[in-house]
Amino acid sequence: MALYNPKEVEPRWRAAWAEAGVFRAQTGSDKPKYYVLEMFPYPSGHLHVGHARNYAMGDVVARFKRARGFNVLHPMGWDAFGLPAENAAAERGVEPAAWTHANIDTMREELGRLGLSIDWSREFATCDADYYGPQQALFLKLMERGLAYRKEGLVNWDPVDMTVLANEQVIDGRGWRSDAPVERRKLTQWFLRITDYADDLLAGLEGLDRWPAKVKLMQENWIGRSTGLRLTFAFASESGGVEVYTTRPDTLFGASFVAVSPYHPLAERLAAENPAAGAFVAECRRGGASQVDIEAAEKLGVDTGLKVVHPFDSSIELPVWIANFILMDYGTGAIFGCPAHDQRDLDFARKYDLPVKPVVLPPGEDAALFHVKQDAYIGPGRIYNSGFMDGLDVEAAKAAAVARAQAAGQGQGATVYRLRDWGVSRQRGWGCPIPVVHCPACGVVGVPPDDLPVRLPEGLDFSRPGNPLARHPTWKYTVCSDCGGPAERETDTLDTFVDSSWYFARFANPAAAEPIDRAAADYWLPVDQYIGGIEHAVLHLLYARFITRALKGEGLVGVVEPFAGLFTQGMVTHETYRRQNGEWIDPAGVEVHAEGTARRAVDAVTGEALIIGDSEKMSKSKRNVVAPAQIADAYGIDAARLFVLSDSPPDRDVQWTSAGVEGASRLINRVWSEFAAEVEERDGNEEAVAADLRRVTHRAILAVTEAVEGFRFNSAVARLYEFVSALKTSPAAGAARHEARSALARLIAPFAPHLAEECWRRLGEDGMVAQAPWPVHDPALARDEEKILPVQIDGRRRGEVRAPPGASEAQVRQLVLDDPEIARRLEGLTLRKMIVVQDRIVNLVTG
RNA sequence: GGGGACGUGGCGGAACCGGUAGACGCAGCGGACUUAAAAUCCGUUGGCCACAAGGCCGUGAGGGUUCGAGUCCCUCCGUCCCCACCA
């Protein structure tokens, strides 16, 4: 029998699947539906092994669910707008559209070679007007609802990419793509009112029981709900006052100052009146241009000379400061400072010699002796030095302070969120145009539905920084649809995260004239299993939940949660190698030798000794990238799929090694040799031998099924290895062997689909394994004839007894007591108690 | 500074509910086949003691709960991730 030849087998079966259309999702099917989706790729140029792992996982689920009788939707598309296309345009003078579509063609071909069971008839790219046109219609609906609005505000400006970024796209004060320190600029921008849904997005997390706890927690923290008090401190010598927000109204009597942000309207007014304040505000705005600087900066402030009156005791006056550490866009942009019980306030008070007055007495402390030194006290305790709150604990005092402030009309209990509205304007040329015009007479006017899509023009000039749409000679000049007068188009485009926040709904019917085909979406949504990287925990995954809620409000979809199940997969890493001079070297040019347990790497050509580095995320800069095409050439794609799913749990990183993929390749050859071989009938013991094999088979069916359902693909593959070994060493022939082979072909199909088809055909089965039902586990056949129960004496294993499965406690007790070896062990000991766990273990307790 | 996760052989990891720790793979060692190598197949592989039978130790460290702890609780150490002047 010929060796298994993936180069011949794999393309043949891919062609057969395509021809038979076996992966097409059915409309009007009476099977239950199952929607499995992997986060769609950005068409960067080529597929990498990380993609391969991600899509292989989704494919395992899709093939498994199909075999289990579901009508499966497993589509693919392209998140195709974004900066790399503009950079390519700038560097090489190509059209972004041409560059993007060429990449899509390449990557579609590469994805195809992975043997994924995708319904390609639903493919789309977000950069095509067929997609972004409907998206513009959605944007106009959000605008009518007031969910999309324009405002002037402080925004994150990326000075390298020359565009505004959302808060979620600023990582440690730097742009998420450019890594440049982000500046604060005041600009008029489009925002989506995600804050309207802050509470609902938070509450909805509770129902997402098939989401990782980690992601839910990250979203919860990102939304950042806190409850407290909005409270006005009245000015001492004029009318009006300054409103602060606090979560610690119980410490109000410990207040020693009020401070406002340099961007606060009061700061602006005082800056005009008072030269010292003016200089300070100017300094903050200049020096504080980048967030990186702000975070590193020392706490600084200036006393404005203005006084306010303590709301609970009019005999107390407090100074008003302007301080650089107060955020304008959280709470009210103003605080009261209580140095004894807040570390930042304490640092500030020590620097400027402001009073430190403790009002929370820690348990066990003496009021006369307690002092705050270097560390503010933020723990629980009893309130003192606080008038009407004296003697209360912290929680009771909070309630009392809120009640008092509300009764006096000084303030209101308030819930505040850390979440800000989503800034979606981007000063970029390769994105979805925001479909509005600016009319000198009518203001901002939405483009009428009949004029959609607002198409991107060809021939944009990307050779200079800045927005090419804004400097296009004609594109922006148009007329106002309201008054007919001359008007200019909006030249900002939408954040590409808008594109990806509803694409899953478009897959329900990507050809629909309306943005979302409601009937199709009602059938397919929510996505049953979504798979992607954890880096989107507070970006894409939060935006998509918000947009789905907004769409529900418009009656466009019937669900509020887009993704019922979420799985976040780990990355593929590879060991790194470098020369003595520090230069990185490609793994293809490295030979690794084992010397006992140590490993030594040398240059395959020169023999130069190399330094073996950590296994890291594959990156061009470290040259530790292995391309899927390379792997497929050497081992076949099934071996690669099997390996990326086998070595580590799917949510953890997996280390790519050639030894590992060789192991997977060995399994494939072992499986094929089983199907290729004829097994001779053996003499004697036929019944027992067949029963043994059937037991192995039915256990494998159960174990693999449970592992796949539980997303433990590594365990599923381990069980397949075991099953193959057991099958190959079993002498059984005839029906039992056929049953085992038939089960094996179907169990391995989600992982190594091409091999499985070849085996299935060899078995002489009808049709394709891609359409075959999942094997069914029969518990009666899987059952042991007898169980071996370890017998422990005082927790240490001292022997074993054999008992029929399900043996009663009395039976087992008798077996144990009758066992001579155990009796010998018990000599000189007093048996006090025997614990029998059915079919598991026995423990004898002596004393 | 706040929040969270994780520490198991030489390596990746398994043990899903508290019930034989180390499945499966990799690497290693020994053997078969071969003129030889590769491939393949078989055996072996946590540590210590022992000729052996067997014994003792062992899931980051220390304590606790339990007949029984990798798993639950407390303290500590280490690593990683998220957020971060959020009042």
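This one's a predicted model, so the numbers in the text were calculated from it and none came from an experiment. (Residues numbered from 1 in each chain as written. Chains lettered and ligands numbered in written order. Predicted model: local features only at pLDDT ≥ 70, side-chain atom pairs only at ≥ 80, totals over all residues. Heavy atoms only, no water.)

Things to note about the pattern of salt bridges
Item 1. Under the defined criterion, the tally for this structure stands at 46 salt bridges.
Item 2. For Glu 821, the salt bridge goes to Arg 825, with nearest N and O atoms at 3.3 Å. Placement of both Glu 821 and Arg 825 in helix α27 (residues 820-826) is noted, with a separation of four residues, approximately one turn of the helix.
Item 3. Within the structure, one salt-bridge network assembled from shared partners comprises Asp 200, Arg 545, Arg 549 and Glu 561. (Salt bridge = Lys/Arg side-chain N within 4 Å of Asp/Glu carboxyl O. Helix = DSSP H or I, 4+ residues; strand = E, 2+ residues; numbered from the N terminus.)

A word on the side chain of Glu 757
Item 1. With respect to the helices, strands and loops of the structure, Glu 757 is situated in helix α24 (residues 753-763).
Item 2. One buried charge, Glu 757, has no salt-bridge partner; the nearest side chain with opposite charge is Arg 63, at 5.2 Å.
Item 3. Here Val 769 takes part through its backbone nitrogen, which lies 2.8 Å from a polar atom of the side chain of Glu 757.
Item 4. Here Glu 757 is in contact with Trp 13, Trp 17, Met 768, Val 769 and Ala 770, once residues within four sequence places are set aside. (Buried < 20%, exposed > 50% of the residue type's maximum accessible area, 1.4 Å probe, protein only. Lys, Arg positive; Asp, Glu negative; His and termini not counted. Polar contact = N/O pair within 3.5 Å; in protein donor to acceptor, adjacent residues only side chain to side chain. Contact = heavy atoms within 4.5 Å.)

Points about the sheet that holds strand β21 (residues 443-446)
Item 1. Taken in spatial order, the four strands make up an open sheet running β21-β20-β23-β22, and their pairing is antiparallel. Of all strands in the sheet, those with a lone pairing partner are β21 and β22 (477-479), marking the two edges. Taken over all neighbouring pairs, the strand axes of this sheet differ in orientation by 40 degrees on average, direction set aside.
Item 2. Bridge count for strand β20 (residues 436-439) against β21 is four bridges, and the pairing is antiparallel. Counterpart to Val 436 in the pairing with β21 is Gly 446. (Pairing = 2+ DSSP bridges. Axes fitted to C-alpha atoms, helices over the stretch in contact; angles between N-to-C directions.)

Observations regarding the nonpolar core
Item 1. Grouped together as the largest cluster of nonpolar side chains are 177 residues, with contacts concentrated most on Leu 192, Trp 422, Phe 504, Trp 656 and Phe 751.
Item 2. Considering each element in turn, this core owes the most residues, ten residues, to helix α2 (residues 49-67).
Item 3. Not counting chain neighbours up to four residues away, the residues in contact with Leu 192 comprise Phe 139, Leu 142, Leu 147, Ala 148, Asp 421, Trp 422, Val 424, Val 498, Phe 546 and Ile 547.
Item 4. Grouped together as the second largest cluster of nonpolar side chains are 46 residues, Val 242, Val 258, Val 320 and Leu 361 included. (Core = buried A, V, L, I, M, F, W, Y, C linked by side-chain atoms within 4.5 Å.)

Describing the sheet that holds strand β19 (residues 432-433)
Item 1. Strand order in this open sheet of three strands is β18-β24-β19, and the pairing throughout is antiparallel. Each edge of the open sheet carries a strand with a single partner, namely β18 (425-426) and β19.
Item 2. When β18 meets strand β24 (residues 493-494), the two strands line up antiparallel, connected through two bridges. From the neighbouring strand, Ser 425 faces β24, where its bridge partner is Leu 494.

A short note on helix α1 (residues 6-20)
Item 1. Its 15 residues give α1 an end-to-end C-alpha distance of 21 Å, which sits within 8% of 21 Å, the value for a rise of 1.5 Å per residue.
Item 2. Restricting attention to buried positions, one finds in α1 the residues Pro 6, Val 9, Glu 10, Trp 13, Arg 14 and Trp 17. One side of α1 holds all its buried residues, which, seen down the axis, span an arc of 125 degrees. α1 presents Lys 7, Ala 18 and Glu 19 as exposed residues on the side facing more than 90 degrees away from its buried surface.
Item 3. Tucked inside the fold, the buried residues of α1 contact α2, α4 (96-112), α18 (628-635), α19 (637-646) and α24. (Expected span 1.5 Å × (residues − 1). Arc of directions from axis to C-beta.)

Considerations on the protein's contact with RNA strand B
Item 1. If you check the shell around RNA strand B, you find 51 residues, and the closest are Thr 247, Lys 299, Arg 344, Arg 666 and Glu 722.
Item 2. Among the atoms of RNA strand B close to the protein, meaning within 4 Å, 62% are from sugar or phosphate groups.
Item 3. Measuring from a sugar or linking oxygen of RNA strand B, one finds a side-chain N or O atom of Lys 214 at 3.4 Å.
Item 4. Arg 418 places a polar side-chain atom, nitrogen or oxygen, 3.4 Å from a sugar or linking oxygen of RNA strand B. (Near = heavy atom within 4 Å.)

So, helix α8 (residues 265-273)
Item 1. If you check which residues of α8 are buried, you get Leu 266, Ala 267, Leu 270 and Ala 271. End-on, the buried residues of α8 take up no more than an arc of 135 degrees, which puts them together on one face. Projecting away from the buried face of α8 at angles above 90 degrees are the exposed residues Pro 265, Ala 272 and Glu 273.

Brief notes about the environment of Phe 191
Item 1. Position of Phe 191 relative to the elements: it lies in strand β7 (residues 183-192).
Item 2. You can call Phe 191 buried: its relative accessible area is 7%.
Item 3. Setting aside anything within four residues of it in sequence, one finds Phe 191 in contact with Leu 147, Ala 148, Tyr 149, Lys 151, Val 155, Asp 421, Trp 422, Gly 423 and Val 424.

With respect to the packing of helix α21 (residues 686-709) against helix α22 (residues 713-729)
Item 1. Between α21 and α22, whose axes approach to 8 Å, the crossing angle comes to 170 degrees. When the axis of α21 is compared with that of α22, the two are roughly antiparallel. Like other packed secondary-structure pairs, α21 and α22 cross with a definite hand, here left-handed. Contacts from Leu 693, Val 696, Thr 697, Ala 700, Ala 703, Val 704, Ala 707 and Val 708 in α21 reach Phe 713, Ser 715, Ala 716, Arg 719, Leu 720, Phe 723, Ala 726 and Leu 727 in α22.
Item 2. Taken together, the residues of the contact of α21 with α22 break down into 13 nonpolar, two polar and one charged. (Parallel < 35°, antiparallel > 145°, perpendicular 65-115°, else oblique. Left-handed = near helix turned anticlockwise from the far one by under 90°. Nonpolar A, V, L, I, M, F, W, Y, C, P; charged D, E, K, R; others polar.)

A few points about the pairing of strand β35 (residues 841-846)
Item 1. As paired elements, strand β32 (residues 787-793) and β35 share three bridges and run parallel to each other. Paired with Val 791 across the two strands is Val 842, which belongs to β35.
Item 2. Joining the antiparallel neighbours strand β34 (residues 831-837) and β35 is a turn of three residues, in which Asp 839 adopts a positive phi near 60 degrees.

Topic: the packing of aromatic side chains
Item 1. According to the stated counting rule, one finds 37 aromatic pairs in the structure shown.
Item 2. For the pair Phe 81 and Tyr 132, a centre-to-centre distance of 5.6 Å together with 40 degrees between the ring planes defines the contact as tilted. Here Phe 81, found in the loop between β2 (71-73) and α3 (83-92), pairs with Tyr 132, found in helix α5 (residues 129-144); they are 51 residues apart in sequence, far enough to count as distant. For the residue pair Phe 81 and Tyr 132, the accessibility class agrees, reading buried in each case.
Item 3. Each residue in the set Phe 40, Phe 124, Tyr 131, Trp 502, Tyr 503, Phe 504, Phe 507, Tyr 530 and Phe 563 is aromatic and connected to the rest through ring pairs, giving one cluster.
Item 4. Stacked on the ring of Phe 191, the Lys or Arg Lys 151 has its end atom at 4.5 Å from the ring centre.
Item 5. The ring of Trp 584 carries Arg 578 above its face, with NZ or CZ at 3.9 Å from the centroid. (Phe/Tyr/Trp six-rings, centres within 6.5 Å; stacked < 30°, edge-to-face > 60°. Lys NZ or Arg CZ within 6 Å of the ring centre and 35° of its normal.)

Some points on the confidence of the model for chain A
Item 1. Summarising the model, chain A shows a mean pLDDT of 91, and 97% of its residues fall at 70 or more.
Item 2. The low-confidence segment residues 287-291, where pLDDT is below 50, has 15 contacts with residues more than four positions distant or belonging to other chains.
Item 3. The ipTM for the predicted assembly is 0.95, set against a pTM of 0.93. (pLDDT = per-residue confidence, 0-100.)

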